[in-house]
Amino acid sequence: ASSLVQKSYSANFPGEFGGGVINLTTEAIPDESFFEISLGISGDTETTFENGLLYYGSDYDWFGFDTGRRDPVGALDNFLNGSTALEDLTLAERQAIASSITKPNLMVVQKADKLRPNFSGGFTAGTSFFVGGDAELGIIATANLSNSLRNRNVTAQRPIGSLPVAVASDGERFVTDNRVLLNGLLGFGLEFGEQKIRWTNVYIRDVLKQASLSRTEVLDASAFEDRTEIGQTTAWFERQLIDTQLVGEFRLGDIGLDVRAGYAQTDRESPYEFNFEYTRTNDAPSNPFGDILINPLNRARGDAAEVTFSDLTEKLYYGGVDLTVPVVLDVFSVTVGGAISDTDRFSTRRAFFYSAPSNFPLGIATLRPDLLLSPTVIEASNIPGFASPGVASPINLIEPDRVPAFDADLEVYAGYLKGVLTPAYGLTIDLGVRYEDATQTVAAREIFDNQVNIGAATNLENDYWLPAGTITYQFDNGLQLRASASKTIARPQFRELLFQRFTDPDSLRTFVGNPSLQDSELFNAEARAEYYFGQRSRVSLGGFYKSIDNPIEPFSSFTENEQTTRFANAPKAEVYGGEFEFVWNYDLYDWGGFFESKRAIVIANYTYTQSQLIVGPDDQSLIFVSNVGGVPSDSDTLFRDGAPLSGQSDHLLNLQLGIEDVDRLSQATLLLSYASDRVVSRNSQGSQLPDIIQRPGARLDLVIRQGLDVIGMPLELKFEARNLTGTDNQEFIDDGTTRIDTNSYDIGQSFSLSLTAEF
C-alpha cells in the first residue's frame, strides 16, 4: 500500500540503525475485487542450454520439498537423537552409522546436457465486502513459485601465507545452483470509521540444491608437491520463514494509538552436505598410482570424505505500542512508545569424517564416492586380507566437534519519547530519545554425556540512551533544508557470535563466529538540501558523517582449498561523504504524434564515501580461543590503520533513463549502476597480505513493460535484459605486481519474459 524510505534515524525506530530504514505497509482493503495470474520464463548466457552439474535427490526437489529421502534413518537417526558421543561407541557401532549415511542418489554428481530455462508462476487475488453495517473487510492473497538454474565457473586461487603475493594453489570450481523459491501472503484488513486493523501472514521457502566439481593444482605444499586435487560437493539448503503480524491503527479524536504484535519463525536445514576430495600425486612411474585420482580416506594426508548435517531454528516474538497526542494542534505533538522483542535460536552442526589406516588399498581408493563408502566396502574393510594378506584396514567414522550445538537469545526492551514542534511556518523540529535495554547470550547446549566445555559463550548486557534530532525548513519556492544528528548501535549477529562453522553457498566461503564480539556504537550526522520543481521532479545534495566505536569487521585466512572468514571488533572507524540525487519528469506532449501521451524520466544518484579504520599501537581486539575464551590481541595484527571499512565503495552511481505512457501501461527503462572497488574481507596483518577486493563495476539493465488488451482481457507483458555490459564477479588479492583471484567468475547476460493476466 505504501513504502517509507528514511535515511535519518528517529527515536521511534529500533536502535540498530546504520544507514536507513524501509517501512512497508501491506494493502489492507482492495479498491475492487481482482484476480491476476502470471507466468514467466528466463535464462542466462552462462547456464541456459549449456552443460551443468546435477544430482538426483528426490522426486519433489523441483518443488522445493524433499520426499523424506534426506531424513536420517537407522543407526544414524538413533545416534543423532541420542546422548552418547561418537568416540564412546564401539567401532562396529560407528561403522553401522557410517553405512546408514551412504545414499547414492545424494552423492553421485552427473553432467547434464543443455540445461532448461528457468520458469516461474503465481497468482494474486483480493476482494472486500461490508460486515456489520459500516465495517469493511478486505482479503488479499498471493502465491508464487520460481525454479531457476545458475552455472558458475569460479577461479579459486589461494595465496601463500606471507609476502610476496604468490599462488599456493590454482583452482577452478564449476558450480550449478538449482534455486526454488516458494512464497505466499494472506492478509486481512478491517476498517470501520477511522479505525484500521491488519493481519498479515507471510510464508517464504527458499531452497538451494547445489552440485559442484573443483580442480586444484597445488603448487606449494609441505608434502606432495605439485599434486592435483579433484573435489566434489553436493548440498541441499532449506530456508523457510513464517511470519504473522497484527497491527491496529486507531484514532481517538485527535489522539492516535498504534499497536502491533507478531511472531516469526525461521528455519534453516541442510542435511547430507557431502564433500569428497581425490588426489593425484603426479609422480608416476615411480608410484603405480601416481597418475590416478584416489581417496584412501587418510585424514592425516588431507583426503576429504565428509558429511555435515546442519539445522537451525529461530523464533521471534515482538510487540509495540505508540501513542501520539497533539499538545497544541498543528504546532506541537508528542509521541510516547514502547517495544519488546525476544529472539531465540537453536543451531546444530554435526560434521562426520571417514578415516582409514594408511594401509587402505589404493585400488579401492579409486572408486567414486557412493561405492567407496558403500556398506559392502565398510564391512569388508574389517576382514583380514582387505589391505594385504591377513591384514584389515577398518574404515572409521569420526565427529571431531565435541560442542556441535548452541543456544542463542536476544531480548530487547525499549521505550521512547518523541516530539514534533512547528514553531513557525515552514520550520519543523523533530526531537526524541530512545532507551534500549538488551541482553544477548550464546551458550553451548549439552547434547553429549560428559560434554566438554570450551568456553564458547557470550553474555552481553547493555543499555543505551539514543537521542535523535532533525530540523527541517521548507521555503515557499520548493526548497527544503534538513539537518539531523543521532546516536545508534549495531549488535553482533548470531552468525557472527556462534563458534560454529558454516558455508555461504553464494560466496562459497566458510565462516566461523567469535563469541567475544562487542556491540558497535554509532554517532550519525547529516545535512541535506532538496529542491522540488515541476511535476514530481527534485534535486538534492547532502553530506553525512559517522563515527563508529567497535565496528565488526571480517578477516580471512587460507588453506590450499579453503578460505575461512572470522570476525573481530576493530577499535574505531569513521565514514563521511556526500550524495547527489536528481529526479526529472518531463511531459513530451508538445512533440505530438507518438509522444503526445509520453513522459520522459531521468533519475540519477551519486554517492561519494570515504571510510577508514582507526587503529592505534595500544589498541586490542578480543579473539576467541577454544578452552581459553576471549584473548586480547593487538588490533594492528588484524587491521591496518587507515584501511577502508569492508563492503564500502568510494563511488556509487545509479542512473535511470525511461519513457512511459501517462494514459496506459507502457514503459521502457534503462538502468545503469556502478560501484567502485571495495573490501570483501581483510587478511590478518600477521600475513601482511593485501585485503581481498571485490570489483562490482558497471551494469546496464533494460526493463520493458507493455499493457495489452486481448478480447477484453487486460494483459501485462514484461521483458527484462540484465547485465548487458557482461560485468563479471571479481574478488581478488593484488599487490600491484601479482593478482590472485579468490572468487571470480563470469555472470553473463540474463533475459526474462513474463505475462500477467488480470480478471
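Scroll up to find the structure this text is about.
Residues numbered from 1 in each chain as written. Predicted model: local features only at pLDDT ≥ 70, side-chain atom pairs only at ≥ 80, totals over all residues. Heavy atoms only, no water.

## Quick look at the overall build of the chain
Scanning the chain from N- to C-terminus turns up six helices and 38 strands. A globule of 759 residues ought to have a C-alpha radius of gyration of about 27 Å, and the chain, at 29 Å, matches this closely. Once the C-alpha set of the chain is aligned to its principal axes, its extents read approximately 95 × 70 × 60 Å. Within the chain, buried positions represent 44% of all 759 residues. Long-range pairs, those at least 24 residues apart, make up 71% of the contacts in the chain with a sequence separation of at least 6. Carbon and sulfur atoms make up 56% of the accessible area of the chain, which totals about 35300 Å². If the 59 positive side-chain charges of the chain are averaged to one point and the 103 negative ones to another, these points end up 3 Å apart. (Helix = DSSP H or I, 4+ residues; strand = E, 2+ residues; numbered from the N terminus. Rg over C-alpha atoms; globule rule 2.2 N^0.38 Å. Buried < 20%, exposed > 50% of the residue type's maximum accessible area, 1.4 Å probe, protein only. Contact = heavy atoms within 4.5 Å. Areas by Shrake-Rupley, 256 points an atom, 1.4 Å probe, with all protein chains shown as cover. Lys, Arg positive; Asp, Glu negative; His and termini not counted. Charge placed at Lys NZ, Arg CZ, Asp CG, Glu CD.)

## Notes on the nonpolar core
Counting residues in each nonpolar core, the largest one holds 39 residues, and the members touching the most others are Ile101, Leu297 and Tyr354. Apart from the residues lying within four places of it in its own chain, the contact partners of Ile101 are Leu76, Tyr272, Phe274, Val307, Tyr354 and Leu397. Counting 17 residues, the second-largest nonpolar core is a separate cluster that includes Val403, Phe406, Leu410 and Val412. (Core = buried A, V, L, I, M, F, W, Y, C linked by side-chain atoms within 4.5 Å.)

## Digging into unusual backbone geometry
A positive phi angle, near 65°, is found at Phe49, a position not held by glycine. With respect to the element layout, Phe49 can be found in the loop between strand S3 (34-44) and strand S4 (52-54). With a phi close to 55°, Asn723 is a non-glycine residue in the positive phi region. Take Asn723: it is sitting in the loop between strand S35 (713-722) and strand S36 (731-734). On the basis of relative accessible area, Asn723 is assigned to the buried category, the value being 1%.

## Considerations on a nonpolar patch on the surface
Judged by side-chain polarity, Ile41, Leu708, Val710, Ile711, Leu717, Leu753 and Leu755 come together as a nonpolar surface patch covering roughly 630 Å² of accessible area. In this fold, Leu753 is placed in strand S38 (residues 750-758). (Patch = residues over 30% accessible without salt bridge, like charges linked within 9 Å, V, L, I, M, F, W, Y side chains within 5 Å. Salt bridge = Lys/Arg side-chain N within 4 Å of Asp/Glu carboxyl O.)

## Structural notes on helix H2 (residues 91-101)
Every buried residue of H2 is listed here: Arg94, Gln95, Ile97, Ala98, Ser100 and Ile101. For H2, the secondary structure elements touched by its buried residues are helix H1 (74-80), strand S12 (255-280), strand S13 (305-328), strand S14 (332-355), helix H5 (375-380) and strand S15 (396-398).

## Concerning the side chain of Ser666
Here Ser666 shows up in strand S31 (residues 666-675). A distance of 2.9 Å separates polar atoms of two side chains, one belonging to Ser666 and the other to Gln706. The contacts of Ser666, once residues within four sequence positions are left out, are Ile659, Glu660, Asp661, Arg705 and Gln706. (Polar contact = N/O pair within 3.5 Å; in protein donor to acceptor, adjacent residues only side chain to side chain.)

## Re the side chain of Asn683
Along the chain, Asn683 falls in strand S32 (residues 678-683). For Asn683, a relative accessible area of 2% puts it in the buried group. Here the side chain of Asn683 touches Pro690 through a polar contact of 2.6 Å, landing on its backbone oxygen. Among all residues touching Asn683, those that are not within four sequence positions of it are Ser556, Phe558, Leu638, Leu689, Pro690, Asp691, Ile692 and Ile733.

## Let's talk about the pairing of strand S27 (residues 598-614)
Note that strand S26 (residues 572-587) and S27 share 16 bridges and pair antiparallel. Looking at S27, one finds that Asn585 is bridged to Ile601. Direction of pairing for S27 relative to strand S30 (residues 651-661): antiparallel, over a ladder of 11 bridges. Paired with Thr607 across the strands is Leu652, a residue of S30. (Pairing = 2+ DSSP bridges.)

## Remarks on the pattern of salt bridges
Overall, the coordinates contain 40 salt bridges when judged by the stated rule. Here Arg345 ties to Glu314 by a salt bridge, and the two come within 2.7 Å at their closest N and O atoms. Residue Arg345 is found in strand S14, and its partner Glu314 is found in strand S13; the two are separated by 31 residues along the sequence. Members of the salt-bridge network, linked through shared partners, are Lys7, Glu526, Arg528 and Glu579.

## As for the sheet that holds strand S24 (residues 552-558)
Spatially, eight strands are ordered S20-S21-S25-S24-S32-S33-S36-S37 in an open sheet, and the strand pairing comes out mixed. Bordering the open sheet on either side are strand S20 (501-504) and strand S37 (739-741), each of which pairs with just one other strand. Sheet twist, expressed as the average angle between the axes of neighbouring strands with direction ignored, equals 35°. One ladder, built from two bridges, connects strand S33 (residues 692-694) with S36; its direction is antiparallel. Among the inter-strand pairings, Gln694 is bridged to a residue of S36, identified as Glu731. (Axes fitted to C-alpha atoms, helices over the stretch in contact; angles between N-to-C directions.)

## As for the environment of Val202
In this structure, Val202 sits in strand S10 (residues 195-218). When sequence neighbours within four positions are dropped, the list of residues in contact with Val202 reads Gly184, Leu185, Leu241, Ile242 and Asp243.

## Concerning the packing of aromatic side chains
On inspection of all chains with the given rule, the structure shows 22 aromatic pairs. Of the aromatic side chains, those joined through ring pairs into one cluster are Phe79, Tyr272, Phe274, Phe276, Phe309 and Phe352. The ring of Phe65 has Arg205 lying over it, and the distance from NZ or CZ to the ring centre is 4.1 Å. Cation over ring: Arg299 sits above Phe353, and NZ or CZ is 4.4 Å from the ring centre. (Phe/Tyr/Trp six-rings, centres within 6.5 Å; stacked < 30°, edge-to-face > 60°. Lys NZ or Arg CZ within 6 Å of the ring centre and 35° of its normal.)

## Observations concerning the environment of Phe511
As for its position among the elements, Phe511 is in strand S21 (residues 509-512). Classification of Phe511 by relative accessible area gives buried; the value is 6%. The spatial distance from the C-alpha of Phe511 to the C-alpha of Glu87 is 26 Å, given a sequence separation of 424 residues. Residues contacting Phe511, with those up to four places away along its chain left out, are Arg495, Gln500, Arg501, Phe502, Asp504, Thr565 and Phe567.

## Quick word on a negative patch on the surface
Together, Glu27, Asp31, Glu32 and Glu758 make up a negatively charged patch on the protein surface. Along the polypeptide, Glu32 turns up in the loop between strand S2 (21-25) and S3. We classify Glu32 as exposed; its relative accessible area is 55%.

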